[in-house]
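Each chain is listed here by its residues.
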Amino acid sequence: MKIIHTITEMQQYSKEQQRKGKIIGIVPTMGYLHDGHLSLVDTARKNGADCVVVTIFVNPIQFAPNEDFDKYPRDLQRDCTLLEAKNVDAVFAPSVKEMYVEEPTCLVVENKLSRGLCAKTRPTHFQGVTTVVAKLFNAVLPDIAVFGQKDAQQARVLKRMVRDLNFPIRLVISPLIREKDGLALSSRNKYLSAEERENALVLSRSLKEAKEALEAGNTSIDSAIETIKNNIAAKGGKVDYVECVDSETLEDVRTKTGREIMFVLAAYFGSTRLIDNILFTY
Ligand code: AMP
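All figures in this text were calculated on a predicted structure; none of them were measured in a lab. (Residues numbered from 1 in each chain as written. Predicted model: local features only at pLDDT ≥ 70, side-chain atom pairs only at ≥ 80, totals over all residues. Heavy atoms only, no water.)

Draft legend 1. Spotlight on the pairing of strand E6 (residues 170–174). Judged from the five bridges that link them, strand E5 (residues 144–148) and E6 form a sheet pairing that is parallel. Bridging from a neighbouring strand, Ala145 pairs with Leu171 of E6. As for the winding sense of the linkage, the β-α-β connection from E5 through helix H6 (residues 152–164) to E6 is right-handed. (Pairing = 2+ DSSP bridges. Helix = DSSP H or I, 4+ residues; strand = E, 2+ residues; numbered from the N terminus. Right-handed = clockwise from strand over helix to strand, strands pointing away.)

Right under this line is the structure:
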């Protein structure tokens, strides 16, 4: 497995792979990898990537000054061991200085899907994400890009960026991976105390119950949202938002449409902000 730290070397590596006729798949991450990230590598392969590049970069411009950029967990050596075992072809792990020579004055901004949900509390987050992913695409030159359903809004925003800016890339959204007890895998779960982690199980449980109640015709979307909020509060969580949206447009849904919808939420347990969602046709 090749470990690459500079953009020039990354581009050279990818051009060489292209010359050999390889289909390049990119899996962008911030590292501190878990099975959710590793499942994206499998999805890249299943979708035809015969050269998988995992990028590891904690991107400062998607964190607000009061957020956890400095304390975000990092362990490149451990990550590389996990990726080597997955037969990943290359890891691209640039430094902040390599990615941002100085504060960027040219940003990529998506103006619709990145306005609601997480953007209400993280207003500059998505422009940080779209900007860094565009830069990673230009460094890795992939044919396929894989993102997780865990970050449901992010994946839709990036899909729109690929479409609107004509990136010659197929973006694939890979299923959300959970612990056995339902907690969505996340690098930030490390911040949770044992008690907070136990309480946070209310997120996945409430989402599942909301889906089942709707499917059984036992509730409305509005009441399902209220129930989820009450359940979270009862476990000491602080709700950021709970919404029900169209899975493509992210517009609010309040009635049965026969389309794919998702309940999406964010909530704090202690000082840790967790996100979760459930996707189904209703
Ligand atoms: P992150 O390192 O948190 O920025 O995540 C990198 C990629 O992994 C994103 O596309 C995430 O959506 C995806 N990801 C993170 N956690 C999970 C999970 N539990 N299941 C599926 N994908 C995930």
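Draft legend 2. Representation of the site of the ligand within the structure. The ligand sits among 17 residues. The nearest are His37, Gly148, Asp151, Ile177 and Leu185. Backbone polar atom of Met30 to an oxygen atom of the ligand: 2.9 Å apart, as the coordinates give it. Here the ligand loses 93% of its free accessible area of 490 Å² to cover by the protein chains. For the shell around the ligand, the elements supplying multiple residues, two or more each, are strand E2 (24–29), helix H2 (35–46) and E5. (Near = heavy atom within 4 Å. Polar contact = N/O pair within 3.5 Å; in protein donor to acceptor, adjacent residues only side chain to side chain. Areas by Shrake-Rupley, 256 points an atom, 1.4 Å probe, with all protein chains shown as cover.)

Draft legend 3. Expanded view of helix H8 (residues 221–234). Taking 1.5 Å of rise per residue, the 14 residues of H8 would be expected to cover 20 Å, and the 20 Å separating its terminal C-alpha atoms lies within 8% of that figure. Those residues of H8 lying buried are Ile221, Ala224, Ile225, Ile228 and Ile232. Projected down its long axis, H8 carries its buried residues within an arc of 100 degrees, all on one side. Packing partners of the buried residues in H8 comprise helix H7 (194–215), strand E7 (238–246) and strand E8 (260–269). Gly236 sits one or two positions beyond H8 and adopts a positive phi of about 80 degrees. (Expected span 1.5 Å × (residues − 1). Buried < 20%, exposed > 50% of the residue type's maximum accessible area, 1.4 Å probe, protein only. Arc of directions from axis to C-beta. Contact = heavy atoms within 4.5 Å.)

Draft legend 4. Region of interest: the nonpolar core. Core analysis: the largest hydrophobic core is formed by 30 residues, its most contacted members being Val53, Phe92 and Phe137. Contributions of two or more residues to this core are made by helix H1 (7–19), E2, strand E3 (51–56), strand E4 (90–92), helix H5 (125–140), E5 and H6. The contact partners of Val53, leaving out residues within four places of it in the chain, are Met10, Tyr13, Ile24, Gly25, Ile26, Val27, Ala90, Phe92 and Val140. Ala200, Leu214, Val253 and Tyr282 belong to the second largest nonpolar core, which has 26 residues in total. (Core = buried A, V, L, I, M, F, W, Y, C linked by side-chain atoms within 4.5 Å.)

Draft legend 5. Focus on the domain arrangement of the protein. By domain assignment, the protein separates into domain 1 (2–174) and domain 2 (187–275). The gap between the C-alpha centroids of domain 1 and domain 2 is 26 Å. With 21 residues of domain 1 in contact, the opposing surface of domain 2 contributes 17 residues. Taken together, the two surfaces of domain 1 and domain 2 that pack against each other cover about 1700 Å², and 57% of this comes from carbon and sulfur. Remark: the boundary between domain 1 and domain 2 carries two salt bridges. Where domain 1 meets domain 2, there are eight residue pairs in polar contact (both at pLDDT 80 or more). Element by element, the count of residues in the side of domain 1 that touches domain 2 is highest for H6, at three residues. Considering only residue class, the side of domain 1 that touches domain 2 consists of eight nonpolar, six polar and seven charged. (Domains from an automatic or database assignment. Buried area = accessible area lost by both parts, 1.4 Å probe. Salt bridge = Lys/Arg side-chain N within 4 Å of Asp/Glu carboxyl O. Nonpolar A, V, L, I, M, F, W, Y, C, P; charged D, E, K, R; others polar.)

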